[in-house]
Structure formats: structure tokens, C-alpha cells
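# Tertiary structure, described
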Amino acid sequence: MKPCNQSLTSPLRRFGLALVLPAALLGAFTFPSQTQTATAQSAGGNRPLTIRSDIQEYDAKSQIITARGNVQMLYPARKIQATAAQAQYFSKERRIDFSGNVYILQQGGNSIRAEKVTYLIDEGRFVALPQSNRQVESIYMVEDSEIGGQNTTPAPKTPNLKPAN
């Protein structure tokens, strides 16, 4: 004869496993992690630059990482986030080339939208190119000198534009 406490816990355990095990297996097979992640260390302080994407390739000879599909870059040391269809990190040249619906956001609200953007890491400089017959869009947060309705210097008068012939 089984002890009283074993006879009650055994069916409860089986019932709990019957509920939890299928859910765990379903989560493991239904939602696999397809995102690849590469983390590069920048020179002088080992600050991580993380790139996530659907597919990544690394060429050890040229030291180039190519990321394709839903690319997301996070560079906390420079307070930069970026998304694109593709990115290539040239570690020897310390450059990142983004292409395909590129969006770059810096802390503070500054942003760039373009078809192609090159980020020169050592210079902290972006070079953006638009799609053909389109333009690059940048938004910069500018500190306004007008605080509380007090303007110390009046804004300069802008000339009227003449219509093009």
C-alpha cells in the first residue's frame, strides 16, 4: 500500500507535466530563434557593438562581417541604434556600411533615414545616400534659445523666395 501523500502528489505531478511539457515543447519548436548576433569590440576600451540579423557571415581573411535580413545594430558607447536590410562591418577600416531602408537613431532624438549610410567609427561621421530620385531625411534636435518666452536675440529676417521660371 502507498503512503497517503504519495498517492495524491503522483496524479498531480502527472497532470502538471501533462500541461507544462507540451507547452514547453511547442515553444521550442514553434518559435525558434533565427536571429544571429555578432558582437565586435571597438579599440580602446573594449566597447561592444552588437549586430543582430537573420543571417550573418564572417570572412576571417578580410575580417568583414556581413549581416542580412532585419539587421539591428546597437552601439551603446556612441548611443546609436540602427536598422537596415543589410550591414557590413569592416573591422580593419573601422567602418560600417548599411543598405536598404536604413534608419539610424542617436540618443537625444537625432535620426537619419536613407537607402545607404556609411558610418566611420573613428570619425563619428555618417555619410548618407538616398534612393534614386529621392532624398535623405535627417532630423536634428536643436536646443532653442527661447526659454520661457524670453528671446535675447531676434531671429534674422529671411528673404522672400522667387518662383522658378
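Here goes a summary of the coordinates provided.

Our next topic: the pairing of strand S3 (residues 55–59). Pairing of S3 with strand S4 (residues 64–75) involves five bridges; the strand directions are antiparallel. Considered in S4, the bridge of Gln56 is made with Ala67. With antiparallel pairing between neighbouring strands as the criterion, S3 and S4 make up a hairpin whose turn holds four residues, including Gln63 at a positive phi of roughly 60°.

This next bit is on the pairing of S4. Direction of pairing for strand S2 (residues 48–53) relative to S4: antiparallel, over a ladder of three bridges. Following the sheet pairing, Arg52 is matched in S4 by Gln72. When S4 meets strand S5 (residues 80–90), the two strands line up antiparallel, connected through 10 bridges. Each residue of the ladder has a partner; that of Tyr75, found in S5, is Ile80. The loop that links S4 with its antiparallel partner S5 comprises four residues; one of these, Lys79, has a positive phi angle of about 55°.

Moving on, we come to the side chain of Ser53. Mapped onto the elements, Ser53 comes out in strand S2. With relative accessibility at 0%, the residue Ser53 sits in the buried group. At 2.9 Å, the side chain of Ser53 forms a polar contact with the backbone oxygen of Ile55. At a separation of 3.2 Å, a polar atom in the side chain of Ser53 contacts the side chain of Gln56.

Moving on, we get to the nonpolar core. Counting 21 residues, the largest nonpolar core has Met73, Ile96 and Phe98 as the members making the most contacts within it. For this core, the elements supplying multiple residues, two or more each, are S2, S4, S5, strand S6 (95–106) and strand S7 (111–120). When near neighbours in sequence (up to four residues on either side) are disregarded, Met73 contacts Leu49, Thr50, Ile51, Ile80, Gln81, Ala82, Ile96 and Phe98.

Turning to the pattern of salt bridges, a few remarks are in order. Applying the stated rule across the entire model yields five salt bridges. Between Arg95 and Glu93 there is a salt bridge, with the nearest N and O atoms lying 2.4 Å from each other. Residues Arg94 and Asp122 are paired through a salt bridge, measuring 2.6 Å at the closest nitrogen-oxygen approach. Of the two residues, Arg94 is situated in the loop between S5 and S6 and Asp122 in the loop between S7 and strand S8 (125–129); the sequence distance between them amounts to 28 residues. Take Arg94: its relative accessible area is 14%, and that puts it in the buried class. Salt bridges here are not isolated pairs; linked through shared partners, they connect Glu93, Arg95 and Asp97.

Criteria and cut-off values
Residues numbered from 1 in each chain as written. Predicted model: local features only at pLDDT ≥ 70, side-chain atom pairs only at ≥ 80, totals over all residues. Heavy atoms only, no water. Pairing = 2+ DSSP bridges. Helix = DSSP H or I, 4+ residues; strand = E, 2+ residues; numbered from the N terminus. Buried < 20%, exposed > 50% of the residue type's maximum accessible area, 1.4 Å probe, protein only. Polar contact = N/O pair within 3.5 Å; in protein donor to acceptor, adjacent residues only side chain to side chain. Core = buried A, V, L, I, M, F, W, Y, C linked by side-chain atoms within 4.5 Å. Contact = heavy atoms within 4.5 Å. Salt bridge = Lys/Arg side-chain N within 4 Å of Asp/Glu carboxyl O.

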